[in-house]
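Here's the letter readout for the chains.
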There are 2 protein chains.
Amino acid sequence: MPHRHDHSEAIRTVAELLPKDELLCDLGDLFKLFGDTTRIKILYSLFESELCVCAIAELLKMEQSAISHQLKILKDAKLVGCRRDGRTNVYFLADDHVRTIIGQGFEHLMEDEK
Amino acid sequence: MPHRHDHSEAIRTVAELLPKDELLCDLGDLFKLFGDTTRIKILYSLFESELCVCAIAELLKMEQSAISHQLKILKDAKLVGCRRDGRTNVYFLADDHVRTIIGQGFEHLMEDEK
DNA sequence: GTATCATATGAACAGAGATTCATATGAAAG
DNA sequence: CTTTCATATGAATCTCTGTTCATATGATAC
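Residues numbered from 1 in each chain as written. Chains lettered and ligands numbered in written order. Predicted model: local features only at pLDDT ≥ 70, side-chain atom pairs only at ≥ 80, totals over all residues. Heavy atoms only, no water.

## With respect to the overall build of chain A
Convention followed: Numbering of helices and strands runs from the N terminus, with a helix taken as a DSSP run of H or I at least four residues long and a strand as a DSSP run of E at least two residues long. Put simply, the radius of gyration uses C-alpha atoms, and a globule should come to 2.2 Å times the residue count raised to 0.38. Here, residues are in contact when the closest pair of their heavy atoms is within 4.5 Å. His is not counted, nor are the chain ends; Lys and Arg add positive charge and Asp and Glu add negative charge. Charged groups are reduced to one reference atom each: NZ for lysine, CZ for arginine, CG for aspartic acid, CD for glutamic acid.
Within chain A, the secondary structure is distributed over 6 helices and 3 strands. Shown N-terminal to C-terminal, the secondary structure of chain A runs as helices and strands in the order α-α-α-β-α-α-β-β-α. Against the compact-globule benchmark of 13 Å for 114 residues, chain A has a radius of gyration of 20 Å, which places it well outside the compact range. Viewed in the frame of its principal axes, chain A has a C-alpha envelope of about 65 × 35 × 25 Å. Of the contacts formed within chain A by residues at least 6 apart in sequence, a portion of 49% connects residues at least 24 apart. Charged side chains in chain A number 15 positive and 20 negative. The centres of these two groups are separated by 7 Å.

## A word on the packing of aromatic side chains
Selection rule: In summary, the pairing rule links any two rings of Phe, Tyr or Trp, Trp by its six-membered ring, whose centres are within 6.5 Å, and it sorts them by plane angle into stacked for under 30 degrees, edge-to-face for over 60 and tilted for everything else. Categorising residues by exposure relies on relative accessible area from a 1.4 Å probe, with only protein chains included: less than 20% of the type maximum marks a residue as buried, more than 50% marks it as exposed, and the intermediate range marks it as partly exposed. Two limits define a charge over a ring: the Lys NZ or Arg CZ must be within 6 Å of the ring centre, and within 35 degrees of the ring normal.
With the rule as written, the count across this model stands at 7 aromatic pairs over all chains. Taken together, a centroid distance of 5.4 Å and an interplanar angle of 40 degrees make the contact between Phe34 of chain A and Phe31 of chain B tilted. Placement of the pair is Phe34 of chain A in helix H2 (residues 21–34) and Phe31 of chain B in helix H2 (residues 21–34), with the two residues belonging to separate chains. Each member of the pair, Phe34 of chain A as well as Phe31 of chain B, carries the same accessibility label: buried. Note that Arg99 of chain A overlies the ring of Phe47 of chain A, its terminal NZ or CZ placed 5.2 Å from the centroid.

## Observations regarding the relation of the copies chain B and chain A
Rules: A least-squares superposition brings the copies together, and it is based on the C-alpha atoms of residues with pLDDT no lower than 70 in both.
The two copies are related by a screw operation: chain B maps onto chain A through 180 degrees of rotation and 0.0 Å of translation along the axis, at an RMSD of 0.1 Å. Considering both components of the superposition, the chain copies are consistent with a two-fold axis. Here 100% of the interface residues in chain B have copies in chain A that are interface residues too; the copies meet face to matching face.

## What to know about the packing of helix H3 (residues 37–48) of chain B against helix H5 (residues 64–76) of chain B
Residue and element names in this part refer to chain B. Put simply, the rule reads: What counts as an axis is a line fitted to C-alpha atoms, over the stretch in contact for a helix, and the angles between N-to-C directions run from 0 to 180 degrees. Any angle between 65 and 115 degrees counts as roughly perpendicular, while under 35 counts as roughly parallel, over 145 as roughly antiparallel, and the rest as oblique. Each residue is assigned to one class: nonpolar for Ala, Val, Leu, Ile, Met, Phe, Trp, Tyr, Cys and Pro, charged for Asp, Glu, Lys and Arg, and polar for all the others, Gly among them.
Direction vectors running N to C along H3 and H5 enclose 75 degrees, while the axes themselves pass 10 Å from each other. As the angle between them shows, H3 and H5 are arranged roughly perpendicular. Facing Thr38, Arg39, Ile42 and Leu43 of H3, the residues of H5 in contact are Ile67, Gln70, Leu71, Ile73 and Leu74. Counted by class, the contact of H3 with H5 contains 6 nonpolar, 2 polar and 1 charged residues.

## What to know about the pairing of strand E3 (residues 88–93) of chain B
Residue and element names in this part refer to chain B. What counts is decided by this rule: Strands pair, by our definition, only if DSSP identifies at least two bridges between them.
Two elements, strand E1 (residues 51–52) and E3, share 2 bridges in a ladder whose sense is antiparallel. In the sheet register, Cys52 faces E3, and the bridge partner there is Val90. In the sheet, strand E2 (residues 80–85) pairs with E3 via 6 bridges, with the strands oriented antiparallel. The residue bridging Gly81 from the neighbouring strand is Phe92, located in E3.

## What about the interface of chain B and chain A?
Definition in use: The term buried area means the drop in 1.4 Å probe accessible area that two parts suffer when joined, counted for both and summed. Just to be clear on terms, a salt bridge is a Lys or Arg side-chain nitrogen sitting within 4 Å of an Asp or Glu carboxyl oxygen.
Counting residues at the interface gives 52 residues for chain B, matched by 52 residues for chain A. Together, the buried faces of chain B and chain A total about 4900 Å²; carbon and sulfur atoms form 78% of this surface. The three residues of chain B that bury the most area against chain A are Phe31, His97 and His108 of chain B, which together make up 13% of that side's buried surface. Put simply, chain B and chain A have 2 salt bridges between them. Taking the shortest distance from any N to any O, the salt bridge between Asp21 of chain B and Lys41 of chain A comes out at 3.1 Å. Of all the elements in the fold, those that place two or more residues in the side of chain B that touches chain A are helix H1 (8–17), H2, H3, E1, helix H4 (53–60) and helix H6 (97–113) of chain B.

## A closer look at the nonpolar core
Burial of nonpolar side chains together is a common tendency in soluble globular proteins. How we decide: In plain words, nonpolar cores are sets of buried Ala, Val, Leu, Ile, Met, Phe, Trp, Tyr and Cys residues tied together by side-chain atoms within 4.5 Å.
One finds Phe34 and Ile102 of chain A together with Phe34 and Ile102 of chain B to be the most contacted residues of the largest nonpolar core, which totals 73 residues. In contact with Phe34 of chain A, not counting residues within four places along its chain, are Ile40, Leu43, Leu79, Val98, Ile101 and Ile102 of chain A together with Leu27, Gly28 and Phe31 of chain B.

Written out as structure tokens, the structure reads:
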């Protein structure tokens, strides 16, 4: 028992309502995907239209390799999809939740400005 | 010019619609807050009721110091608020956006299960 | 086939961030 | 005013992660 004062009641109540550890981890992992500027920029770019790797690299003024690495992460998480087109790889948003989640973050920031 | 094939049109279009760098960074920083399991757990705990530091530490079975450090980060970001109560510090959700954003993440995970 | 373009990938490096340990602060009880 | 409890904080450590560099793959054009 680390401390003396009693809050066991509150703890019990909250503990029962807390989701499983695994789910909370998955939730953290999901938000981690949005927690990087490069990935946010990539996702935001794909809001408008599908794009090939080198277009994104040019747009963000970053190296092709860096973009490719991040696209792999987004693809593994199934936030983006990929399609071959000649010798280029075209990426696109795989899920409309991406728009919603980023939109929510956006709204939060906007209200903070006030 | 890093590559030969032309996509300058797509780049121009997207570039115009892309928010400022600073905003995209802020967005990334916001999501970074949710991208850690400990912080997710803390926020989730505060969904139910306000809690003092040692209650959270006990609940999550983590050291008081670790919780305190994370609470500082959440407080600096104004996601949680803090109130003195005798010699304990009581923390609470400062913003209902937190519920919305985490809720969206939750929904995304649930749909993925299918 | 060979050369070239677009992308992927692995290793190495560097920076950020989370936890722990030790200690400081601050309030209340005696 | 001293002691104890609750929390905060700084430094150190260790882990994770993003970028770069070099290279591999894969497809097209010649």
